[in-house]
Amino acid sequence: MPRKCWLLAAAFACLSASAWAGSFGKVVAIGGHASDLALDEARGVAYVANFTAGRVEVLSLRELTIQTSMNVAPQPASLAISPDGHFLVVTHYAHHQPPQTSGNAVTVVDLRTRGRQTFALGNPPLAAAFGADNLAVVATTTGFVTLDPVAGTVRPLMALTELAARALPVPPASIPANIVSASMAASGDGTRIYGLADRMVFSYDVTSRRFSVIASQAGSGPRVVSVNGDGTRFAAGASLYAVASTPWGSTATHLAELPDLDTRVPMGSHAIDSSGERVYAQAPTLTLAGMPVLELLDGDNLTVRERLRLPENLTGKSLLSSDGSVLYSVSDSGLLVLPVGSIRAESRLAADVEELLFRGNFCDRRLMTQEFRVVDPGGGSTSFTLRSTHPGVRLTPTAGATPATIRVTVDPVAFQASKGTVAVNVEISSPQAVNLPPPVRVLVNSREPDQRGTTVHVPGKLVDILPDPARDRFFVLRQDANLVLVFDANTYHQLAALRTGHTPTQMAVSFDRRYLFVGNGQSQIANVYDLETLEALSPVRFPEGHFPRSVAISGKAALAVSRITATEARIARLDLGTRTASELPLLGIYENRVRPGSVLAAAPNGATILLAQSDGTLMLYNANTDSFTVARKDFSELAGAYAASSFDRYVVGDRMLNASLVTTRVLDGGTGRSSGFAFVDQAGFRATAPSSSGPGVIQRVDADGMGARSTRMAEAPLLGDAGSPFTRTVAPLYGRSAIISLTVSGFTVLPWNYDASVAPPRMERVVNAADYTAAVAPGALISLFGDNLSPVNLATREMPLPTALGESCLTANGAPVPMLFVSPRQINAQLPFHLDGNVTLILRTPGGVSDNYHLSVPPAAPSIFRNGAAGPLTELAAIVRDKNGELVTLANPIHRGDSIVVYLTGLGRTNPPTETGVPASADPLAAALIQPEVSLGGVPLPVTYAGLTPGQVGIYQINAQVPGWVPTGMEQTLVVTQAGRSTRVAVRVVN
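What counts, and where the lines are drawn
Residues numbered from 1 in each chain as written. Predicted model: local features only at pLDDT ≥ 70, side-chain atom pairs only at ≥ 80, totals over all residues. Heavy atoms only, no water. Helix = DSSP H or I, 4+ residues; strand = E, 2+ residues; numbered from the N terminus. Buried < 20%, exposed > 50% of the residue type's maximum accessible area, 1.4 Å probe, protein only. Contact = heavy atoms within 4.5 Å. Areas by Shrake-Rupley, 256 points an atom, 1.4 Å probe, with all protein chains shown as cover. Phe/Tyr/Trp six-rings, centres within 6.5 Å; stacked < 30°, edge-to-face > 60°. Lys NZ or Arg CZ within 6 Å of the ring centre and 35° of its normal. Pairing = 2+ DSSP bridges. Axes fitted to C-alpha atoms, helices over the stretch in contact; angles between N-to-C directions. pLDDT = per-residue confidence, 0-100. Polar contact = N/O pair within 3.5 Å; in protein donor to acceptor, adjacent residues only side chain to side chain. 1 Å grid on protein atoms, 1.4 Å probe; cavity = no way out; pocket = protein on both sides within 12 Å on 5 of 7 lines; lining within 4 Å. Points joined across faces, edges and corners; volume = space filled by probe spheres on them. Nonpolar A, V, L, I, M, F, W, Y, C, P; charged D, E, K, R; others polar. Core = buried A, V, L, I, M, F, W, Y, C linked by side-chain atoms within 4.5 Å. Salt bridge = Lys/Arg side-chain N within 4 Å of Asp/Glu carboxyl O.

**Considering the overall build of the protein**
- Counting secondary structure elements, the protein contains two helices and 92 strands.
- The C-alpha extent of the protein, read off along each of the three principal axes, is 110 × 75 × 50 Å.
- In the protein, buried positions account for 57% of the 991 residues.
- Counting only contacts in the protein whose residues sit at least 6 apart along the sequence, the fraction spanning at least 24 positions is 53%.
- Here the protein has roughly 37800 Å² of accessible surface; of this, 51% comes from carbon and sulfur atoms.

Shown next, in the form of structure tokens:
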């Protein structure tokens, strides 16, 4: 929203973001520690409880300054304004230890008369909030009371013993939020009140006066509650909840946790906008090293959309103005005012790409370049600096102001030892921008022709892959964006992106093949999707404090590994009818206690479910007995691949197991770390890698666990880490059309017979791509015909053109040749501009190296394209009348006086020089060094331009004028001559 001078945002209307040196918001210091705030927009003020100074500061929303202060009883901890704006209630937390006297009380301030009354309470009040009935609900250490501000009466509402209290005094540097450790907030319509204390999260229905305990522990995170307008979403501590009404009351579903939370530092804040589409939050994180950052999060699963630098930490409640344009937050100094509705007017930075993938190969040592743009999303000019984390990735420029185009240049020599994919970050920073843009990830793949597979680039943190067992598609879990990506198994194009809970970890398909389930590491739900329509259905809700990380479904039961703490998890059973889950009391004769990183894998026939734990424990659920029948701990640790077959065979890491989970064979460990395994009948496919930057290895494994035909892949499959030691990276597709491996830059597609023996390539004929004659020239487009030229059919629109395509690599005198298309019988490519004279072509494929093919390349060899089409007519000469922009045909002949454009290849080198494989420049134009001559019917035509067509690779054009005296006729010969070589076509010419 553009800035404008109005009541709530006037202080920001004429103040630039740079006034705060690259941070967002204005700090208002109060000379004490703020504990709570309340907005009184009708009076144009905000009230800030100054906990340590014993007063309530009155802040002008127009001037953003403290104008007056109300002296009240000591330790004002919580504030609440009645819905009619008549009263301000102040609770006082004065829970002193003897010999000091406790002074617990509630003050009622009449905002019309400024009169005030203070009522003593026997128990420390923790928080207060008003409902729509104009009664204040006050939480104390022993329960809840209501306060009528008109009559001054206090009535008990509900007694509890679970609420805790910290006695005063407390150690220095304790912030008020962690002393009182409680918060309450009402929905915008006043119908619901939510709150948290140390030992519970609760709700209060104002209409029915019914209390509900939502969680028996408040958990970690800010000691703050925030609610949307109608009370259907609220956040308490680090948790986001959705509330739904039922005939027997309301239910709260735990949707997500604040991401990357550092639980060692209990401070922060959050606020939900009225629409529920966005959550604003700040809390110390593990990765930002104490930097205070406001995160803009999605309102359903807390996906991070943007991060803004703050001048200081938030330490208590945050409130949005009624129109959602300004956020007021309790902070270190007192109050931080954030014009969130005017974020577009702030200086920010963003890149127009998440990742760039460079595909290199052993025979191409040219510098590779791609571009991305750095912009200010608000359209402004914002300064920036860039830094590459690897010397082999260079940036031009490294500093500037938005908008700017950045050229990324990769030196493949710096990565030639990897034989896989190396990830490099391009870090973006600015002293001016208020946001923290994520780095651009540069992926550099260096492979040799014997490394199989076609890599499909998919940005983000990918953690799981699963084929649809009944349809031609597969699913990839993108954890950083909280999405299931759905891909077509024939084209490998993305079909859909399905939103999940927070931090999705693993997928499972129901035994009837109708539903997809997704477990989430930071949500107390498992998502459910209809596989026919890809529609999101009602999720499975887990018990309080249970986070389903892994899900597997047998013919009898659906089970999940449900994390409870950082070190403990349980096995839960899913009821797919009621969409609820419950913790199993026992696992057969074994106690229900597993490690949080454990994984489940169901046998395709529904008979069993394997449970693998990183401490080396293995268990097996049997659907026939509906119980766990095997439990073993033969290893000190386990990690890597996991899979279950329909033939009572299992794989965990490098071990093949039988029906009793006894090791029958140790799989070959010489190919690297275990990453993925997928059973197909009684055999399977196994993926390993020595490191994430090296080549992956795909291997067939027979029924006895013997590996065969180990073949190197284009890049490494994903490898596990300490938090997620088990990985699933291999997915044989339905119909056995291909094998998909989840790899470093996305996924790699391998044909089912990837390891079949292949014949070396054989080149038979090389011609120009315009008229298929033998004449070729530097920079010309050529077609190469032969056998076994490529194992796949593949065309590219990638620019610059790649020099390795579909596992084929063509060189000319040792120089790499950019290619447009490869197939077993034909390759289309561009000859390098610097080559002429005797040229030797060599083709490398997974099948081997071709024999030498010798060419004689003159400096120019013009050839007019014959690939034009006009209606049913095809193979027309590519000559266009400038007057109507249409191809010359018998029905659209050349007229005397016309201007024509002839498209051809083979005009040779240009001035200025043009890089091979790169689209031609439009400014300046790349004119042919050797000027061609054009005649029509024997009459010379004036040539106004001859050179490369802007934006095209290897395609030239000649612009010529047709004099009024050229002969007419049905078949007049148009001739282009250059350096002693000619090309000619017959055209119709009329008056």
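**Remarks on the packing of aromatic side chains**
- For the structure on display, the rule yields 15 aromatic pairs.
- Pairing Phe144 with Phe202 gives two aromatic rings, centres 4.7 Å apart and planes at 65°, and the pair type is edge-to-face. Residue Phe144 is located in strand β12 (residues 143-148), and its partner Phe202 is located in strand β16 (residues 200-205); the two are separated by 58 residues in the primary sequence.
- Since its relative accessible area comes to 2%, Phe202 is described here as buried.
- Their ring planes at 75° and their centres at 5.0 Å tell us that Phe487 and Phe747 sit as a pair that is edge-to-face. Taken together, the residues Phe487 in strand β41 (residues 483-488) and Phe747 in strand β67 (residues 746-751) connect sequence positions 260 residues apart.
- A relative accessible area of 0% means that Phe747 is categorised as buried.
- Ring pairs connect the aromatic residues Phe144, Phe202, Tyr204 and Phe211, which therefore count as one cluster.
- Directly above the aromatic system of Phe547 lies the positively charged group of Arg563, at a separation of 4.4 Å from the ring centroid.

**Comments concerning the sheet that holds strand β6 (residues 76-81)**
- Strand order across the open sheet formed by four strands is β6-β7-β8-β9, with antiparallel pairing between neighbours. What marks the edges here is a single partner per strand, and that holds for β6 and β9 (116-120). When the angles between neighbouring strand axes are averaged without regard to direction, this sheet yields 20°.
- Strand direction decides the pairing type here: β6 and strand β7 (residues 87-92), joined by five bridges, are antiparallel. Within β7, the residue paired with Leu79 across the bridge is Val90.

**Remarks on the sheet that holds strand β63 (residues 697-701)**
- The four strands are arranged β61-β62-β63-β64 in an open sheet whose pairing can be described as antiparallel. This sheet does not close on itself; its edge strands, each paired only once, are β61 (673-680) and β64 (707-712). With strand direction ignored, the average angle separating the axes of adjacent strands in the sheet is 20°.
- Across five bridges, the pairing between strand β62 (residues 683-689) and β63 is antiparallel. Looking at β63, one finds that Ala687 is bridged to Ile698.

**Some words on the confidence of the model for the protein**
- Of all residues in the protein, 97% attain a pLDDT of 70 or more, and the chain-wide mean is 92.
- The low-confidence segment residues 1-21 (pLDDT under 50) makes 48 contacts with residues lying over four places distant or belonging to another chain.

**Remarks on the side chain of Ser331**
- Mapped onto the fold, Ser331 is located in strand β27 (residues 327-331).
- For Ser331, a relative accessible area of 1% corresponds to the buried category.
- Here the side chain of Ser331 touches Leu335 through a polar contact of 3.4 Å, landing on its backbone nitrogen.
- Ignoring any residue separated from it by four or fewer positions in sequence, one finds Ser331 in contact with Glu312, Asn313, Leu314, Thr315 and Leu336.

**Here's the deal with empty space enclosed by the protein**
- Under the counting rule described, the total for this entry stands at seven cavities of 30 Å³ or more.
- Within this model, the largest cavity holds a volume of roughly 220 Å³.
- The wall of the largest cavity is formed by 18 residues, among which Arg366, Met368, Thr369, Pro800 and Leu801 lie closest to the centre.
- Only β30 (355-361) and β31 (368-375) provide two or more residues apiece to the lining of the largest cavity.
- In the lining of the largest cavity, the residues fall into nine nonpolar, four polar and five charged.

**Quick notes on the side chain of Ser82**
- For Ser82, the position within the fold is in the loop between β6 and β7.
- A distance of 2.6 Å separates the side chain of Ser82 from the side chain of Asp84, its partner in a polar contact.
- Excluding anything up to four places from it in sequence, Ser82 contacts Phe87, Phe130 and Asn134.

**Some points on the pairing of β61**
- Most of β61 sits inside the fold, with seven of its eight residues counted as buried.
- In the sheet, β61 pairs with β62 via seven bridges, with the strands oriented antiparallel. Along β62, the bridge assignment pairs Phe679 with Gly684.
- Here β61 hands over to β62 after two residues, with Asp681 in that stretch at a positive phi of 55°.

**Quick look at the environment of Gln826**
- By the secondary structure assignment, Gln826 is in strand β75 (residues 826-830).
- What makes Gln826 buried here is its relative accessible area of 18%.
- Distance from Gln826 to Ser783, taken between C-alpha atoms, is 6.8 Å for residues 43 residues apart in sequence.
- Within the structure, the side chain of Gln826 is placed 2.9 Å from the side chain of Asn828, a separation counted as a polar contact.

**Description of the nonpolar core**
- Membership of the largest hydrophobic core comes to 29 residues, with the highest contact counts inside it found for Ile879, Ile900, Leu974 and Val987.
- Listing elements by their share of this core, those giving two or more residues are β84 (899-905), β87 (933-936), β88 (939-941), β89 (943-948), β90 (956-961), β91 (969-978) and β92 (981-990).
- With residues up to four places along the chain from it excluded, the contact list for Val987 reads Ile879, Val888, Ile894, Leu936, Gly969, Met970, Glu971, Gln972 and Leu974.
- Phe358, Ile406, Val408 and Val442 belong to the second-largest nonpolar core, a separate cluster that totals 23 residues.

**A short note on unusual backbone geometry**
- Cis geometry is adopted by the peptide bond preceding Pro403, which originates at Thr402 and carries an omega value of -5°.
- You can see Pro403 is positioned in the loop between β34 (399-401) and β35 (404-410).
- A cis amide bond, omega 0°, links Asn911 with the succeeding residue Pro912.
- Looking at where Pro912 falls in the secondary structure, it is placed in the loop between β85 (910-911) and β86 (927-928).
- Despite not being glycine, Arg209 shows a phi value in the positive range, around 55°.
- Tracing the chain through its elements places Arg209 in the loop between β16 and β17 (210-215).

**Some points on the environment of Ser321**
- Mapped onto the elements, Ser321 comes out in the loop between β26 (314-320) and β27.
- Considered as a pair, Ser321 and Tyr194 are 127 residues apart in the sequence and their alpha carbons are 19 Å apart.
- At a separation of 3.2 Å, a polar atom in the side chain of Ser321 contacts the main-chain amide nitrogen of Ser325.

**Looking at the pattern of salt bridges**
- Summed over the entire model, instances satisfying the criterion amount to 33 salt bridges.
- We note a salt bridge from Asp36 to Lys317, for which the minimum N-O separation is 3.6 Å. Separated by 281 residues along the polypeptide, Asp36 in strand β2 (residues 34-40) and Lys317 in strand β26 bring together distant segments of the chain.
- Members of the salt-bridge network, linked through shared partners, are Asp298, Asp300, Arg305 and Arg499.

**Overview of the environment of Ser692**
- If you trace the backbone, Ser692 turns up in the loop between β62 and β63.
- Given the relative accessible area of 43%, Ser692 is considered partly exposed.
- Sequence separation between Ser692 and Asn793 is 101 residues; the distance between their C-alpha atoms is 28 Å.
- If sequence neighbours within four positions are ignored, Ser692 has contacts with Thr421, Ala716, Leu719 and Val744.

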